[in-house]
Amino acid sequence: MNFVTEQGMSSLSEVMQEHCEVYRELRSRRTRKRRAGSGPITPGTMLTILRPVVDLATYRELFTVDAYRPGFTPWEGHTVSEVAGWETYAISSTPPVTDEVFQPSVAAALYLVETLGPLVAEEFERMLEFRANRGGQNPRAVTAKHQTGVAAAAEWHVRERVPLLAIDARQVTRRVKRGWRPDDPLLNVDVGEFFGQATGSRYAKVADHLVEDIRPFLEPVVAEVGAAGMFGWDASRVPRADDPQQLAPWTLPLTGDELKGMQIVMLAACRVLVAALSGMRAGELDEMTADSPQPPVTVSGGTQRFKLGSKLIKGQKFGGVAEEWVVLEPAWRAVKLAARLNQARVGERAFARSPMDFLHKRMREWVNSSAGQRLGLMPIPAGPVNGRMLRRTLALSLAHRPGGLLAAKIHLKHVSVVTTEGYAMRPGGSQGNLLAEVEREQDKNHLKLTREAFEDYRAGRVPAGPGARELIRAFEHIDASLKDHEAGTAAVVEAERRLENLLRQQSKHLHLQTANYCWFRDPHKALCLKLAGTPDATKPLGGMCDSARCPQATHHPCHLPVWQSQVGTGKVFLANPRFPKGEKKRLEPEVERAQRVVDEILHATQNEAEEVS
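All residue numbers refer to positions counted from 1 along the written sequence of the respective chain. Whole-chain, interface and lining totals are the exception, using all residues; otherwise, since this is a predicted model, local features are given only for residues with pLDDT of at least 70 and side-chain atom pairs are given and counted only at 80 or more. Excluded from the side-chain calculations are hydrogens and water; all other atoms, namely the structure's heavy atoms, are used.

Undergrad: Explain unusual backbone geometry here, please?
TA: Leaving glycine aside, a negative phi is the common case for residues, and trans is the common case for peptide bonds. Within the chain, Arg161 stands out as a residue other than glycine whose phi angle is a positive 60°. Where helices and strands are cited, they refer to DSSP runs of H or I of at least four residues and of E of at least two residues respectively, numbered from the N terminus. Structurally, Arg161 can be placed in the loop between helix H6 (144-160) and strand S1 (164-165). By relative accessible area, Arg161 is classed as partly exposed at 48%. Backbone geometry at Asp234 places phi at a positive 50°, although glycine is not the residue there. For Asp234, the location among the structural elements is in the loop between strand S2 (227-228) and strand S3 (237-239). Relative accessibility thresholds used throughout: buried, under 20% of the residue-type maximum; exposed, over 50%; partly exposed, between the two (1.4 Å probe, protein chains only). On the basis of relative accessible area, Asp234 is assigned to the exposed category, the value being 78%.

This is the structure in structure tokens:
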């Protein structure tokens, strides 16, 4: 009110948009003379300052003496938060996992769960069975009969080149504390297991003073063949992660503790993969049980849908409420594997309550070790990873549809489909919140891409493709609207915001495809809907997109590598004399069409370069 009076106005009815802009600019910096320092006011404070300015219009009916003129609202069409620059709670401030960390992490988790997981689970179960059956009395003395068996067993190990069995690192530590020399050649040898196998007895342990009686037989064997863990012998060969044509043993011999460490790594991979593909929160993962993976449901077309049952914890009453998630098959299998590794029964938890950052660190350490590099896994750089960041990364990946691992190994459309189905089945649930975040980020990304296309148009870089002419006309209309804008009227916002509003109307029609932009303004013009016989559909059918012929498709410089790759691949097949002639006839028109698109994009780029020169 003091500002209105200082501007020479005696009534609120005289306030116009220009006054609101001046007031915002005036209050956006510290103005108190006694206050040390100067600088901009934070968005949170600006929100408090500007809210009453808008509230005077919101509660206009309450003011009977003086009020804004009828129909006037400061910053109409924008919320106070937008004007103040304040990001509300609905906009996530959690940063995504960097692509340098995310891509190799999900690739490693996929490989561990799909390739190594069942093998590790099988070997782990064998270890549990072995330890359950291990036992018996310890020998009181080493007799001549025992020494005969020990000598024969030692000779067999040397002859067959079979290493002795090794003990766990913690048992080595105990031996050193009991007085064993750190350089003792038998320090890491499982003497008890060797003695039991050599004598045909079940001995769990051989006393230290009895080890001296069989030391002369064992030391030459250790020197000749060494010692190795008892698990993972004759490991089956699996495809390497970097070259599936090459096979390598899935593991080298492991001790019991090393196999237990592998179990933890597999559990970490399971949790990372489920979080990365489903967006489930930590509390929802913690509530997963052995019976959470529900039997697959076959839908129309023969495809299957995989569901996970759990509890929704956040924002619910104590104990949570039952919830279901529709997920991809790899995530479904990861939960089943985690329950198996944890030996969980029906109703028991599939995952231990461990922080995601700790589990990811364990997985990263194993992947970057000699064991992971032996299998060709890409090293994972150090960087923060937690459940919230993985959820945010999934939302951005679905919204932006980038290249990389998710686009290649886990089709983003499949993730989007199952997430959308989960939202439709249980609106307001966890998947619904994730989908809402995806849609917000998608709108922001579409607006960004539309603005980039508009800036290219202004710079003379016109698009190519059948829909280029219509898009150029739309941009010409937007450009003309900005030029016709008369600054100073109260009903119109500033030019930058007006441009954003005009482009937002255009970006609502944008649908991203692999090799083009689809401006889905008129369903009756969409080629994909004509081919499918569904002209009244509200969204394009990406799987039937033929951007070289569709009148609503445009090609931009960012799409050039995709089309060049298609041309190069097609020419390789056409040049192959073993390629069937019938397939060559079918492929030739596709290569010609792709080459035509490449030429159009290059032609538009060359015209721009000529204009600049």
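Back to the write-up after that little detour.
Undergrad: In this structure, what is going on with the sheet that holds strand S6 (residues 304-312)? I would like to understand it.
TA: Within a sheet, neighbouring strands are paired by backbone hydrogen bonds and run either parallel or antiparallel to one another. Only when DSSP finds a minimum of two bridges between them are two strands counted as paired. The strand order across the open sheet formed by three strands is S5-S6-S7, and the pairing between neighbours is antiparallel. Since the sheet does not close on itself, it has two edges, and those belong to strand S5 (297-298) and strand S7 (321-327), each with one partner. Whether two residues touch is decided by their heavy atoms; if any such pair falls within 4.5 Å, the residues are in contact. Lines fitted to the C-alpha atoms define the axes, with helices restricted to the stretch that makes contact. Angles between their N-to-C directions range from 0 to 180 degrees. Along the sheet, helix H12 (residues 329-341) makes contact with S6 and S7, crossing S6 at roughly 55°.

Undergrad: Explain the environment of Pro40 here, please?
TA: Topologically, Pro40 is positioned in the loop between helix H2 (17-27) and helix H3 (43-58). Overall, the relative accessible area of 56% leaves Pro40 in the exposed class. For Pro40 and Arg29, which are 11 residues apart along the polypeptide, the C-alpha to C-alpha distance reads 4.3 Å.

Undergrad: Sorry, what's going on with the state of the cysteines here?
TA: As used in these notes, a disulfide is a covalent bond between sulfur atoms, one from each of two cysteines. We call a pair of cysteine sulfur atoms a disulfide when they lie within 2.5 Å. Counting across every chain of the model gives zero disulfides. With no disulfide of its own, Cys528 lies closest to Cys550 among cysteine sulfurs, the gap being 6.1 Å. Taking the relative accessible area as the measure of exposure, Cys528 reaches 7% and is therefore buried. With no disulfide of its own, Cys550 lies closest to Cys518 among cysteine sulfurs, the gap being 5.7 Å. By relative accessible area, Cys550 is classed as buried at 8%.

Undergrad: Explain the packing of aromatic side chains to me, please; I cannot follow it from the model alone.
TA: The description of two aromatic rings rests on the distance between their centres and on the angle between their planes. Each Phe, Tyr or Trp ring (for Trp, its six-membered ring) is paired with any other whose centre lies within 6.5 Å, and the angle between the two planes then decides the class: stacked below 30 degrees, edge-to-face above 60, tilted in between. Taken as a whole, this structure holds nine aromatic pairs when the rule is applied. On the basis of an interplanar angle of 50° and a centroid distance of 5.1 Å, the ring pair of Phe306 and Trp332 is categorised as tilted. Of this pair, Phe306 sits in strand S6 while Trp332 sits in helix H12, placing them 26 residues apart in sequence. This pair shows no difference in class: Phe306 is buried, exactly as Trp332 is. Here Phe454 and Phe475 contribute two aromatic rings whose centre-to-centre distance is 5.4 Å and whose plane-to-plane angle is 75°, an arrangement assigned as edge-to-face.

Undergrad: Would you mind going over the packing of H6 against helix H8 (residues 191-199) with me for this structure?
TA: To characterise two packed helices, one gives the angle between the axes of the helices and the distance between these axes. The interhelical angle for the contact between H6 and H8, taken along N-to-C directions, is 105°, at an axis separation of 8 Å. Compared by their axis directions, H6 and H8 come out roughly perpendicular. Each of His146, Gly149, Val150, Ala153, Ala154 and His157 in H6 lies in contact with H8, whose residues at this interface are Phe194, Phe195, Ala198 and Thr199. Class assignment of the residues belonging to the contact of H6 with H8 gives a composition of six nonpolar, four polar and no charged. For classification purposes, an angle smaller than 35 degrees is called roughly parallel, one larger than 145 roughly antiparallel, one from 65 to 115 roughly perpendicular, and anything else oblique. By the convention adopted, Pro, Cys, Tyr, Trp, Phe, Met, Ile, Leu, Val and Ala count as nonpolar, Lys, Arg, Asp and Glu as charged, and the other residues, Gly among them, as polar.

Undergrad: Would you mind showing me how to read the side chain of Glu193 here?
TA: By the secondary structure assignment, Glu193 is in helix H8. Accessibility expressed as a relative area gives 12% for Glu193, which makes it buried. Polar contacts here mean pairs of N or O atoms no more than 3.5 Å apart (in protein, one a potential hydrogen donor and the other a potential acceptor; neighbouring residues in sequence count only if both atoms are side-chain atoms). At 2.9 Å, the side chain of Glu193 forms a polar contact with the side chain of Gln197. If sequence neighbours within four positions are ignored, Glu193 has contacts with Phe130, Arg134 and Leu165.

Undergrad: Even after reading the chapter, I still don't get the nonpolar core, so can you show me in this structure?
TA: For soluble globular proteins, the rule of thumb is that nonpolar side chains tend to be buried together. Working definition of a nonpolar core: buried Ala, Val, Leu, Ile, Met, Phe, Trp, Tyr and Cys residues. They are joined through side-chain atoms within 4.5 Å. By size, the foremost hydrophobic cluster in this structure holds 67 residues, and its most contacted members are Leu116, Phe351, Met363 and Trp366. Mapped onto this core, the elements with two or more residues apiece are helix H5 (99-133), helix H10 (256-278), S6, S7, H12, helix H13 (356-368) and helix H15 (387-400). When residues no more than four places from it in sequence are discounted, the contact partners of Phe351 are Leu267, Cys270, Arg271, Val274, Leu285, Met288, Val335, Ala338 and Asn342. By size, the runner-up hydrophobic cluster in this structure holds 23 residues, among which are Ile167, Val172, Leu187 and Ala198.

Undergrad: Could you clarify how one ought to interpret the sheet that holds strand S9 (residues 517-519) in this entry?
TA: The three strands lie next to each other as S8-S9-S10, forming an open sheet whose pairing is antiparallel. Only two strands of the sheet have a single neighbouring strand rather than two, namely strand S8 (510-512) and strand S10 (553-554). Sheet topology places S8 next to S9; three bridges connect them, and they run antiparallel. The residue bridging Leu510 from the neighbouring strand is Trp519, located in S9.

Undergrad: Please clarify how a nonpolar patch on the surface should be interpreted in this entry.
TA: To count toward a patch, a residue needs a relative accessible area over 30% and no salt bridge; like charges are then connected within 9 Å, while nonpolar side chains (Val, Leu, Ile, Met, Phe, Trp, Tyr) are connected within 5 Å. Surface accessibility follows the Shrake-Rupley procedure with a 1.4 Å probe radius. Residue values consider only the protein chains on display as shielding. A pairing counts as a salt bridge when a side-chain nitrogen of Lys or Arg comes within 4 Å of a carboxyl oxygen of Asp or Glu. Taken together, Tyr59, Leu62 and Phe63 make up a surface patch of nonpolar side chains, about 340 Å² in accessible area. For Tyr59, the position within the fold is in the loop between H3 and helix H4 (80-84).

Undergrad: How do you make sense of the environment of Gly568 when you look at a structure like this?
TA: Note on placement: Gly568 falls in helix H22 (residues 560-575). Judged by relative accessible area, which is 33%, Gly568 ranks as partly exposed. Once the C-alpha coordinates of Gly568 and Val591 are considered, the two residues, 23 residues apart in sequence, prove to be 8.6 Å apart.

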